[in-house]
Amino acid sequence: MRYVFRILLLFLSVSIFHTRLSATHIRAGEILAQIIDCNSLRYRIAFVEYTDLGSTVCPGGGEMDFGDGSEPVRFTPCQPDYYEDLGDLVALNIFYVEHTFPGPGIYVIRYLEANRNDGIANMDNSVNTKFYVESQIYIDPFLKCNNSPKLLNPPLDRACVGKAFYHNPAAFDPDGDSLSYEITINKQDIDYPVANYQFPNVYDLGAYPGATTEDGLGPPTYTLDVVSGDLIWDAPGGEGEYNIAFLIKEWRFVPELGEWVKMGYVTRDMQILVEECENDKPELTIPNDTCVRAGTLLEADFTAIDPDGDDVTISAFGGPFELPSSPASYSPSPDNPQQSPAVTHFTWQTNCDHVRDRAYQITVKAKDSPPKEKGASLVDFKNWFITVVAPEPEGLTITYQAGRKVILNWDDYECRDNAESMQIWRRVDSYPFEPGPCDVGMPYYAGYELIGRTTIDQTEFTDNNSGGGLEYGATYCYRIVAEFPLPNGGESYVSDEVCVTIEEDHQRFGPVITKVSITETDMENGVVELQWTSPFDADPAVYPPPYTYRLYRGENGNKDPDDAVPFDVNDTVYTDTGLNTRDYIYNYFVEAFDVNGSVVDSSAWASTVRLNTEPEVSIIGLVWNADVPWSNNTAGYPYHYIYRNRASDADTAEFILIDSVNVNLAGFNYLDSGQFNQVPLIQTQVYCYYVTTQGSYGNPKVIEPLVNNSQKICSQPNDTVPPCIIEGSSIQINKDIDCRTFISDKPCTYDSYEHLVEWEYAESDTCEDDINSYEIWFSATGDEDDFSKIASVSIKSYTHSGLKSFAGCYKIRPIDRSGNIGEFSEKVCYENCPQYELPNVFTPNNDGFNDMFQAFSFPYDKCPRFVKSVDFRVYSRWGEEIFRTGKDEETSIYINWDGRTSNGTILASGVYYYVAEVEYINVDDALTNQEIKGWVQILR
């Protein structure tokens with residue numbers, strides 16, 4: 001009910017205030033929340049307020065609501081917990097309160113106080129406009145502790161007419177969460193903007209028709225960089241006081257969910273004082289962004305030159321200065337202006353505590369000090385990004401043991417008190433490289449595979465290829481990388497490489513398969529050429545020659561010898577015929593036998609090279625891969641070769657070499673636009689390709705390179721036929737979620753819903769083969785005019801987050817590789833499961849318990865859910881209407897009736913009757929309205 005009264009008060013006459021001066025004082029502010037105890041969910045919450053010392057009104061006296069149904073807190077006027085006179089008639093006041101939240105949930109902390117200071121240009125009647133800010137905090141033990149970001153640069157600044165204005169809040173999240181920034185509108189209450197708010201550049205265009213950017217090349221602009229937080233108003237058109245507001249949102253990546261979760265936000269409501277001046281801003285120079293190894297002493301200089309020769313102060317804000325362990329510092333202090341050019345020295349002794357995935361942002365600010373007659377000071381802002389990288393693990397050694405396994409050992413990790421785990425990486429054949437200063441973790445191009453992890457306190461790992469033993473004849477190389485826990489995250493530099501070649505093992509020496517190459521592509525008469533080595537290291541006294549072989553063939557990834565087709569072979573080469581090499585991938589392995597029929601050993605499985613096309617407009621993309629025991633991206637043989645027909649006017653059927661790809665740099669893909677001979681691809685022409693790969697075991701006893709061909713495949717660069725429609729019946733929304741069960745344990749204020757949307761084509765439908773992506777369109781109402789595109793995905797599912805309720809409808813349309821757009825599916829909708837319950841008894845006796853008749857707010861399974869409005873009427877036993885709150889009024893859906901009539905008369909104890917017409921949020925109109933009739937007993 002208190003929110004209703006707030007809104008009504010906004011429309012009361014200004015006569016209720018004593019004077020304009022005594023009713024106005026607030027310039028800027030924000031709410032910050034700091035965790036005290038993560039287990040008890042106890043927070044220290046600060047309202048930071050900047051006030052006008054020209055007013056006689058004391059700061060404080062406003063109301064803070066914690067968003068959890070508890071009683072609001074009202075701060076005592078004139079008694080801030082921290083006070084500082086900042087000069088220029090501006091004071092900083094901070095009010096603290098400790099609060100324990102009842103449980104996990106998303107809470108919006110709100111603060112409301114009367115009133116803003118007088119004369120704010122870009123809103124109406126600021127002197128009688130309340131000041132309202134809010135911050136959101138997401139509490140969930142699964143996501144660990146959560147604090148609001150700290151805003152290190154104050155929200156009060158000065159600007160000059162005609163000069164670009166710069167501001168950065170210098171936000172730092174103590175939990176290591178990622179931050180983003182978003183412009184919003186200043187408010188005077190919950191969801192209630194100040195009257196006639198205009199962004200400062202928009203206001204100036206109306207008030208000062210000649211207003212332009214500082215360079216005079218266009219109208220004024222007002223922008224906020226979503227990543228860095230740089231706010232630029234280019235440029236103020238006239239003198240005055242302006243208020244702006246923006247959100248600082250915090251995001252945390254949750255690996256278990258595979259997505260970023262919004263952890264909350266802080267609203268900054270700030271003021272800019274604009275005046276005429278004859279001044280030019282200083283020019284700031286800072287170092288280039290950098291990466292440093294933890295343990296490095298980082299030193300650098302910031303330099304500022306003022307074109308007018310005025311003194312300059314340099315200050316810096318950012319996370320490194322706030323760290324509890326070895327924080328950064330700079331000198332001289334910004335309290336001491338320097339003659340231009342000014343130089344400030346930065347120092348930071350980094351250590352393992354500072355490692356994190358994201359760069360630290362330091363916002364450097366240069367501010368000049370002009371004579372009073374020249375007007376306000378001007379500033380220049382620049383951001384410096386520093387990434388502290390974890391040191392590489394050291395002392396990696398390798399020991400080969402019987403059973404075709406290796407044991408890796410390494411030294412205790414330098415940052416073991418901070419890191420969480422050690423990644424174990426492996427590849428066939430050596431790949432030497434030196435990471436650059438910012439190259440952390442294992443680079444994608446190095447061809448290593450992540451095969452395991454250990455806890456950070458372990459210094460040993462055994463690799464036996466998941467129990468199958470490492471492959472004979474191959475050289476295996478290993479590196480390790482330290483991994484740091486979220487939310488800071490981060491990976492170390494990669495270790496040095498160690499390698500071992502798998503050789504003798506209990507006098508058994510397997511054949512090594514070296515060739516699986518397609519020489520003929522056909523659906524029925526395809527041909528694969530195979531080759532392998534003899535068990536050349538076998539002891540002839542134990543395994544007497546000559547050797548014979550049994551070759552096994554599997555299809556499309558099948559590696560089960562019992563399901564494979566066997567062939568007995570007397571040589572180390574074989575030609576496999578009668579295959580569907582156009583459509584199938586074939587897998588092979590070889591078993592060797594001595595003259596007595598005893599098994600010597602067997603090779604690993606190796607597959608044919610599979611080539612796929614991705615046609616686009618005027619381009620055909622190629623992608624290939626092979627599942628083989630050797631390495632196809634090696635330092636010695638990095639190039640794979642691209643062959644194409646229709647490359648020669650003399651013979652369009654002949655395949656010729658058109659290009660090569662360094663797969664270590666570009667990966668296993670290629671885009672053909674006709675660049676090899678500068679002849680563009682013809683849109684209506686079909687082109688055919690195959691790829692030749694090169695690889696190595698890294699074993700000098702095995703001849704290299706290992707050369708293999710893919711199948712031939714054909715494609716057309718520009719397909720004009722749109723893909724098939726997706727049937728609405730194949731689209732499923734939240735197939736494993738029951739709405740009622742889902743909300744049963746959520747707080748009443750919960751408003752962070754999501755949909756998992758999934759779809760399929762019919763099994764007989766071949767249209768899917770050509771699809772590149774799917775567009776997802778959404779409407780909260782289901783009306784055709786309300787649908788808008790929300791995402792484009794390449795897989796047949798999408799998670800739609802950030803919804804205020806479950807109600808909504810989707811349509812999906814496919815897009816093929818040539819950019820053709822298919823038709824929309826039928827819309828598929830998901831409905832809310834609304835509920836609304838009222839009690840039968842309340843006791844309005846002012847004892848602080850059950851004083852209001854209101855909808856249930858506890859337990860959670862009785863909360864009002866998905867309710868838009870409530871029209872509530874109370875009747876006496878004789879049918880006389882004695883109280884009503886209408887749905888068109890600014891009232892709470894909880895009702896909050898105090899047991900009085902509409903004219904304020906206290907009702908006697910007794911039974912009364914009510915009718916509640918509830919409007920729900922749903923797509924289907926038939927599910928949006930409900931009439932609830934009941935009785936309530938007043939006990940006094």
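Residues numbered from 1 in each chain as written. Predicted model: local features only at pLDDT ≥ 70, side-chain atom pairs only at ≥ 80, totals over all residues. Heavy atoms only, no water.

Can you lay out the overall build of the protein for me, pointing to particular residues and giving the numbers?
Assigned secondary structure in the protein consists of four helices and 62 strands. Summarising its shape, the C-alpha atoms of the protein cover approximately 110 × 80 × 60 Å along the three principal directions. Sorting the 940 residues of the protein into buried and exposed places 52% on the buried side. If you take every contact in the protein between residues at least 6 apart in sequence, the share linking residues at least 24 apart comes to 68%. Working note: accessible area of the protein is about 41,800 Å², and carbon and sulfur atoms make up 48% of it. Within the protein, one finds 66 positive and 143 negative side-chain charges whose respective centroids are separated by 5 Å. (Helix = DSSP H or I, 4+ residues; strand = E, 2+ residues; numbered from the N terminus. Buried < 20%, exposed > 50% of the residue type's maximum accessible area, 1.4 Å probe, protein only. Contact = heavy atoms within 4.5 Å. Areas by Shrake-Rupley, 256 points an atom, 1.4 Å probe, with all protein chains shown as cover. Lys, Arg positive; Asp, Glu negative; His and termini not counted. Charge placed at Lys NZ, Arg CZ, Asp CG, Glu CD.)

Could you give an account of the pattern of salt bridges, naming the residues involved and the relevant values?
Applying the stated rule across the entire model yields 40 salt bridges. As a salt-bridge pair, Arg550 and Asp568 come within 2.8 Å of each other at their nearest N and O atoms. Here Arg550, found in strand E37 (residues 548-555), pairs with Asp568, found in strand E38 (residues 565-569); they are 18 residues apart in sequence, far enough to count as distant. Looking at Asp568, the relative accessible area reads 62%, which means it is exposed. A salt bridge links Asp871 to Arg884; the shortest N-O distance between them is 2.8 Å. A residue pair is termed long-range when its members are at least 10 positions apart, and Asp871 in strand E59 (residues 867-875) and Arg884 in strand E60 (residues 881-885) qualify at 13 residues. Residue Arg884 is classed as partly exposed on the basis of its relative accessible area of 38%. Through salt bridges with shared partners, a single network forms among Arg27, Asp52 and Glu241. (Salt bridge = Lys/Arg side-chain N within 4 Å of Asp/Glu carboxyl O.)

Quick one: what's the story with the environment of Leu143, residue by residue and with numbers?
For Leu143, the location among the structural elements is in the loop between strand E8 (131-139) and strand E9 (150-151). Between the alpha carbons of Leu143 and Ser325 there is a distance of 24 Å; along the sequence they are 182 residues apart. In contact with Leu143, not counting residues within four places along its chain, are Tyr138, Arg252, Val254, Val261 and Met263.

Run through the environment of Thr76, naming residues and quoting values.
Note on placement: Thr76 falls in the loop between strand E4 (73-74) and strand E5 (82-87). Residues Thr76 and Pro59 lie 17 residues apart in sequence; the distance between their C-alpha atoms is 8.5 Å. Among all residues touching Thr76, those that are not within four sequence positions of it are Pro59, Gly60, Gly61 and Phe95.

Could you give an account of unusual backbone geometry, with specific residues and numbers?
For the peptide bond that leads from Ala114 to Asn115, omega is 0°, which places it in the cis range. Considering the arrangement of structural elements, one finds Asn115 in the loop between strand E7 (105-113) and E8. With an omega dihedral of 5°, the bond running from Asp234 to Ala235 counts as a cis peptide bond. Mapped onto the fold, Ala235 is located in the loop between strand E17 (231-234) and strand E18 (240-254).

Give me the lowdown on the sheet that holds strand E39 (residues 573-579), citing residues and values where you can.
Here three strands make up an open sheet; going across it, the order is E35-E36-E39 and the pairing antiparallel. The open sheet terminates on both sides in strands that have one partner only, identified here as strand E35 (513-520) and E39. Neighbour-to-neighbour, the strand axes of the sheet open up by a mean angle of 20°, direction not taken into account. (Pairing = 2+ DSSP bridges. Axes fitted to C-alpha atoms, helices over the stretch in contact; angles between N-to-C directions.)

How would you summarise the sheet that holds strand E32 (residues 460-463) if you had to cite specific residues and measurements?
Taken together, the three strands give an open sheet; going across it, the order is E28-E29-E32, and neighbouring strands pair in antiparallel fashion. Every interior strand has two partners, whereas the edge strands, strand E28 (397-401) and E32, have only one. Sheet twist, expressed as the mean angle between neighbouring strand axes with direction ignored, is 20°. Bridge count for strand E29 (residues 405-409) against E32 is four bridges, and the pairing is antiparallel. Paired with Val406 across the strands is Asp463, a residue of E32.

Tell me about the environment of Asp310, and please be specific about residues and values.
Residue position: Asp310 is located in the loop between strand E22 (297-305) and strand E23 (311-318). Residues Asp310 and Leu231 lie 79 residues apart in sequence; the distance between their C-alpha atoms is 25 Å. Ignoring anything within four residues of it in the chain, the contact list for Asp310 reads Asn279, Ser340, Asp368, Ser369, Pro370, Pro371 and Lys374. A distance of 3.5 Å separates a polar atom in the side chain of Asp310 from a polar atom in the side chain of Lys374. (Polar contact = N/O pair within 3.5 Å; in protein donor to acceptor, adjacent residues only side chain to side chain.)

Describe the state of the cysteines, listing the residues and the values that go with them.
Within the structure shown, the criterion is met by 10 disulfides. Between the sulfur atoms of Cys748 and its disulfide mate Cys863 the distance is 1.9 Å. When the S-S torsion is -65°, as for the bridge of Cys748 with Cys863, the disulfide is left-handed. Placement of Cys748 in the loop between helix H4 (739-743) and strand E52 (753-758) and of Cys863 in the loop between strand E58 (841-842) and E59 is noted, with a sequence separation of 115 residues between them. For Cys863, a relative accessible area of 0% puts it in the buried group. (Disulfide = S-S within 2.5 Å.)

Tell me about the pairing of E17, residues and numbers included.
Note that strand E11 (residues 165-167) and E17 share three bridges and pair antiparallel. From the neighbouring strand, His167 faces E17, where its bridge partner is Leu231. Relative to E17, strand E16 (residues 221-224) runs antiparallel, the two being bridged by four bridges. Following the sheet pairing, Tyr222 is matched in E17 by Trp233. Linkage of E16 to E17, two consecutive antiparallel strands, is achieved through a turn of six residues, within which Gly229 is found at a positive phi near 85°.

Can you explain helix H2 (residues 200-207)? Please cite residues and give values.
Buried within H2 we find Pro200, Asn201 and Asp204. Down the axis, H2 shows its buried residues gathered within 95° of arc, on one side only. The inward-facing, buried residues of H2 contact E16, E17 and E18. (Arc of directions from axis to C-beta.)

So what's going on with a negative patch on the surface? Which residues, and what values?
A cluster of acidic side chains, namely Glu394, Asp411, Asp412, Glu434, Asp457 and Asp496, defines a negative patch on the protein surface. Take Glu394: it is sitting in the loop between strand E27 (379-389) and E28. (Patch = residues over 30% accessible without salt bridge, like charges linked within 9 Å, V, L, I, M, F, W, Y side chains within 5 Å.)

Before we move on, can you summarise the nonpolar core with the specific residues and values?
Phe346, Trp384, Tyr413, Ile513 and Tyr588 are the most contacted members of the largest nonpolar core, which has 80 residues in total. Not counting residues up to four positions away in its chain, the partners in contact with Phe346 are Leu298, Glu299, Ala300, Phe302, Phe321, Ala328, Ser329, Tyr330, Ile362, Trp384 and Ile386. Within the second largest apolar cluster, 34 residues are counted, among which are Ala159, Leu179, Tyr181 and Ile272. (Core = buried A, V, L, I, M, F, W, Y, C linked by side-chain atoms within 4.5 Å.)

Hey, could you go over a nonpolar patch on the surface for me, with residue numbers and the actual values?
Side chains of Val841, Tyr913, Trp935 and Leu939 sit close together on the surface and give an oily, nonpolar patch of about 350 Å² of accessible area. Relative to the assigned elements, Leu939 resides in the segment after strand E62 (929-938).

Could you give an account of the confidence of the model for the protein, with specific residues and numbers?
Should pLDDT be low for a region, the predicted coordinates there are not to be read in detail. Across the protein, pLDDT averages 89, with 95% of residues at or above 70. Predicted confidence is poor over residues 1-23, with pLDDT under 50, and the contacts of this stretch with residues over four places away or in other chains come to 41 contacts. (pLDDT = per-residue confidence, 0-100.)

Could you give an account of the pairing of E5, naming the residues involved and the relevant values?
Inspection of the sheet shows E5 paired to strand E6 (residues 90-100) by five bridges, in the antiparallel sense. The residue bridging Gly87 from the neighbouring strand is Val90, located in E6. Hairpin connection from E5 to E6: two residues lie between these consecutive antiparallel strands, with Asp88 at a positive phi of about 55°.

How would you sum up the side chain of Thr51? Please name residues and give values.
As for its position among the elements, Thr51 is in strand E2 (residues 42-52). A relative accessible area of 4% places Thr51 in the buried class. Side chain to side chain, Thr51 and Asn93 meet in a polar contact 3.0 Å long.

Please set out the packing of aromatic side chains residue by residue, giving values where relevant.
For the coordinates displayed, the defined rule picks out 52 aromatic pairs. Relative to Tyr330, the ring of Phe321 has its centre 5.5 Å away and its plane inclined at 75°; by these criteria the two rings are edge-to-face. Residue classification places Phe321 among the buried residues on the basis of a relative accessible area of 17%. A relative accessible area of 21% places Tyr330 in the partly exposed class. Ring geometry for Tyr444 versus Tyr445: centroids 5.6 Å apart, planes at 85°, classification edge-to-face. Of the residues examined, Tyr444 reaches a relative accessible area of 66% and is grouped as exposed. Members of the aromatic cluster, connected to one another through ring pairs, are Phe742, Tyr750, Tyr753, Phe806, Tyr830 and Phe866. Over the face of the ring belonging to Trp878 we find Arg877, whose NZ or CZ atom lies 5.6 Å from the ring centre. (Phe/Tyr/Trp six-rings, centres within 6.5 Å; stacked < 30°, edge-to-face > 60°. Lys NZ or Arg CZ within 6 Å of the ring centre and 35° of its normal.)

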